Amino acid sequence: MTDETAPPLAETTVDTVDVTLVDYGLGNLGSLQRGLERVGATVNVSSDPDCLARADALVLSGVGAFAECARRLAPFRDALLDAAADTPLLGVCVGFQLLLTESTEGAPEGETVAGLDLIPGSVERLPADAVRVPHVGWNRLRLERDHPVLAGIDDGDYAYFVHSYGAPAVDRALAACNHGVEFTAMAANEAGHVLGTQFHPEKSAGLGRRLLGNFVRFAATFGD
Amino acid sequence: MTLTKRIIPCLHVATEDGQPGVYSGVNFRDLERLGKPVELARSYNESGADELVFLDITASSEDRETMLDIVSTVAEELFIPLTVGGGVRSTEDINALLRTGADKISINTAALADPSLVDASARTFGSQCIVVAIDARRRFDWDGEHYTTADGESCWYECVVRGGTDPTGVDVVSWAAEAADRGAGELLVSSIEADGTREGYEIPLLEMVCDAVSVPVIASSGCGSPADAYEVFTRTDADAALAASIFHAGDYTVRDVKTSLADRGVPVRLDHA
């Protein structure tokens, strides 16, 4: 195959990866499902916690308030923690925040709501002193560490964000972003197979397609 | 800070004899058919649009079912965010549209009729997906609360609803602040006077609304050239500029506008490979 005929990396499809989208009643699953299917995954949308163990990879989305998402996710908690021990897991937006330790969103003053604590970190409201909140639109990623899902993605590339809460500094950050304050755009656990994006890859045009394709390929070879 | 300014093409969609079309008008009237929604959506997705707005301008309820199918076909074409609005009345309507593939929902008439709809939808779906759209009309009397100067005369802006046909007596700036307080994640601000004129955005209106709220503001109505987008981003604190007819008619591509903005120092996303 010559360079001229080789498909771009992100367009390469993998036809054997079963990705399970966790359907706990919140989130725009349609866009994520389409995004994953376009990069070659077979997507199964499941609201049955017992199905999670069988997936090659898991994707956790979320919209709205952290506390409400955490409440609805409760029946999946044990199954997700079990599966996450040896299955690649991608969290998106609030789905990413749920992978972290805790959030102040929806919690009484001075308290926090617990997340899955798969990646250490705390989520808090973005300060609106100098910038508009929610943070809506395309902003640049600053890459912090290397990871297979970042293949073909460069420092300074744009991703699409829409959120009012964020994790200021996570030790396991793969990428950071700035909107009034520095916050974590992307992070992974120490083993590297549990990861999340504060931005929406399924809405982030070329960068998003590349990242989802990389995740699917990462899942395909994980544990080989 | 590297958050970029967004350029958002808007599709005003209606059906005629069962066929969906994208329409454009002047001052919210005299609609002209300019293309097919799916074809235009595809081309905007490819030419670097930062988002797409889809407004259902059909009047009848029979056509609304058809419209869900059209939204779904448009969503299929996109790898960028899609906002859908027009005739949204309840959280059930919002849920149906989100399930069809919309990422954000714009509400207008129903929110002014019952402002608690903004609270309820923000609570259920999150502020990030609730856009309150406001259609403004100049008023040159003393019934308003917030005044500015437009074309040399003191004026305030009144919210109008039902596609610009019904006055409400409500001051736009007061409503903008209330909508943001109630949980709107963004405001989409249009002007009856500027709509379709291609003579530039209604700057005094947008200045006042941007000053009154801390959520992002999408400027709409009046864009006729890249210079108009430059003007709205440099004279107001708007986060996004929406345009319709200049793109549908092919006068400029999204890329033309963004390249021109980048050349003049406005931060925009150009690497949309």
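Above: the structure in question.
Residues numbered from 1 in each chain as written. Chains lettered and ligands numbered in written order. Predicted model: local features only at pLDDT ≥ 70, side-chain atom pairs only at ≥ 80, totals over all residues. Heavy atoms only, no water.

Explanation requested: the packing of aromatic side chains in the structure shown.
For any pair of aromatic rings, the description consists of the separation of the ring centres together with the inter-plane angle of the planes. As enumerated under the stated definition, the model contains six aromatic pairs over all chains in all. Aromatic side chains A:Phe161 and A:Phe199 sit 5.6 Å apart centroid to centroid with 70 degrees between the ring planes, which places their arrangement in the edge-to-face category. Of the two residues, A:Phe161 sits in strand β10 (residues 158-163) while A:Phe199 sits in the loop between β14 (194-197) and α5 (205-221), which places them 38 residues apart along the sequence. Residue class for A:Phe199 comes out buried when judged on its relative accessible area of 0%. Linked through ring pairs, A:Phe161, A:Phe183 and A:Phe199 together constitute an aromatic cluster. Across from the ring centre of B:Phe79, 4.6 Å away, lies the NZ or CZ of A:Arg209, which sits over that ring. (Phe/Tyr/Trp six-rings, centres within 6.5 Å; stacked < 30°, edge-to-face > 60°. Helix = DSSP H or I, 4+ residues; strand = E, 2+ residues; numbered from the N terminus. Buried < 20%, exposed > 50% of the residue type's maximum accessible area, 1.4 Å probe, protein only. Lys NZ or Arg CZ within 6 Å of the ring centre and 35° of its normal.)

Honestly, the pattern of salt bridges in this entry has me stumped. Any pointers?
Any two side chains of opposite charge can pair, given that their charged atoms come close. All names here are of chain B. Throughout the structure, instances matching the rule amount to 26 salt bridges over all chains. Between Glu-158 and Arg-137 there is a salt bridge, with its nearest N and O atoms 2.9 Å apart. With Glu-158 in strand β9 (residues 153-161) and Arg-137 in strand β7 (residues 130-139), this residue pair connects regions lying 21 residues apart in the sequence. The network of salt bridges with common partners includes Arg-137, Arg-139, Asp-141, Asp-143 and Glu-158. (Salt bridge = Lys/Arg side-chain N within 4 Å of Asp/Glu carboxyl O.)

What should I look at first to understand helix α1 (residues 37-46) of chain B in this one?
Owing to its 3.6 residues per turn, the α-helix brings residues three or four apart onto one side. Those residues of α1(B) lying buried are B:Pro37, B:Leu40, B:Ala41, B:Tyr44 and B:Asn45. End-on view of α1(B): buried residues confined to an arc of 135 degrees, all on one side of the axis. (Arc of directions from axis to C-beta.)

Explain the interface of chain A and chain B to me, please; I cannot follow it from the model alone.
Many authors give the size of an interface as the accessible area that is lost as the parts come together. Residue-level contacts link 33 residues of chain A with 38 residues of chain B. Between chain A and chain B, a total of about 2900 Å² is buried, with carbon and sulfur atoms accounting for 52% of that surface. A salt bridge links A:Arg132 to B:Asp237, with the shortest nitrogen-to-oxygen separation between them at 2.9 Å. Breaking the side of chain A that touches chain B down by element, the ones donating at least two residues are α1 (29-38), β8 (135-140), β10, β12 (173-179) and α5 of chain A. (Contact = heavy atoms within 4.5 Å. Buried area = accessible area lost by both parts, 1.4 Å probe.)

What exactly am I supposed to notice about the layout of surface pockets here?
Vacant regions in the atomic arrangement are exposed by a probe of water-molecule size rolled over the atoms. Here the largest pocket is characterised by a volume of approximately 1200 Å³. Together, 44 residues line the largest pocket, and B:Leu55, B:Asp56, B:Ile57, B:Asp135 and B:Gly163 are the ones closest to its centre. (1 Å grid on protein atoms, 1.4 Å probe; cavity = no way out; pocket = protein on both sides within 12 Å on 5 of 7 lines; lining within 4 Å. Points joined across faces, edges and corners; volume = space filled by probe spheres on them.)

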